[in-house]
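What follows is each chain in one-letter form.
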Amino acid sequence: MTRVLITGGNRGIGRAMAEDALGRGWDVTVTLRGGNAPEGARALTLDVTDRAALGAAAAEIGPVDILINNAGINPAGRQDPLDMDFALFAEVLAVNTLGPLAAAQAFLPNLRAAGAGRIVNISSQMSFMGYRKPDQIAYRASKAALNKVMQGLASRLEAEGIPVVLVDPGWVRTDMGGPAAELDPQQVARGILDLAARLELADTGRFFRHDGTERAF
């Protein structure tokens, strides 16, 4: 049985992935700060910025085949390069960039115990360096930084046979994406889990769309 751990699994894409994984018969654990986990999933109530809580959770659960770093925020507020709320910027970086790295480090023993674990990180099309949009710059920068951090982690873990990849889910109809978004969260969740299930070491360090096609950083 595939054992998957999804951070931020109480709503949005995270919840959709947890529900899809349960439908596949997988053993599902989710982290959440509030709300409820899907029925059938184990819930770990913690904040991904709390490294002590992550460590305690890792000691509590067993082997993990797939870690999906999904938890993320894009709060309303001043995110313009000429009008920046620096406390907000620091919070976004803490959750979206440092949180996934902290989770990967904390659950690395669980991934090793599984024999050949995999790490999937939910990034964003807004991280793309090919255009210069100035809006929501804290969020954009946090996801661009996540891409670089996870490229580095992919290099570090390659010798252990643990692939690390990034996924652009696209514009999804969630609380964050809004009702006008193009993609259904269930469709996106299914694609991400299909990708996670077939990941190989040759994929490590790469950036994929939710449908499994590769995209540029």
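Use the structure listed above.
Cut-off values and rules
Residues numbered from 1 in each chain as written. Predicted model: local features only at pLDDT ≥ 70, side-chain atom pairs only at ≥ 80, totals over all residues. Heavy atoms only, no water. Axes fitted to C-alpha atoms, helices over the stretch in contact; angles between N-to-C directions. Helix = DSSP H or I, 4+ residues; strand = E, 2+ residues; numbered from the N terminus. Left-handed = near helix turned anticlockwise from the far one by under 90°. Contact = heavy atoms within 4.5 Å. Nonpolar A, V, L, I, M, F, W, Y, C, P; charged D, E, K, R; others polar. Salt bridge = Lys/Arg side-chain N within 4 Å of Asp/Glu carboxyl O. Buried < 20%, exposed > 50% of the residue type's maximum accessible area, 1.4 Å probe, protein only.

> Teacher, can you tell me more about the packing of helix α2 (residues 51-60) against helix α3 (residues 86-106) here?
When two helices pack together, their arrangement is given by the angle between the helix axes and by the axis-to-axis distance. Taken N-terminus to C-terminus, the directions of α2 and α3 make an angle of 30 degrees; their axes are 9 Å apart at the nearest point. In this structure, α2 crosses over α3, and the sense of that crossing is right-handed. Between α2, through Arg-51, Leu-54, Gly-55 and Ala-58, and α3, the contact on the second element is made entirely by Ala-102, Ala-103 and Ala-106. Here the contact of α2 with α3 is composed, by residue class, of five nonpolar, one polar and one charged.

> Any chance you could explain the pattern of salt bridges here in plain terms?
Counted by the stated rule, this structure contains twelve salt bridges. Measuring nitrogen to oxygen at the nearest pair gives 2.5 Å for the salt bridge that ties Asp-20 to Arg-24. Classification of Asp-20 as buried rests on a relative accessible area of 18%. Classification of Arg-24 as partly exposed rests on a relative accessible area of 30%. For Arg-24, the salt bridge identified is with Asp-194, shortest N-O distance 2.8 Å. Pair noted here: Arg-24 is in the loop between α1 (12-23) and β2 (27-32) and Asp-194 is in helix α6 (residues 185-198), with a separation of 170 residues, a long-range link. The network of salt bridges with common partners includes Asp-20, Arg-24 and Asp-194.

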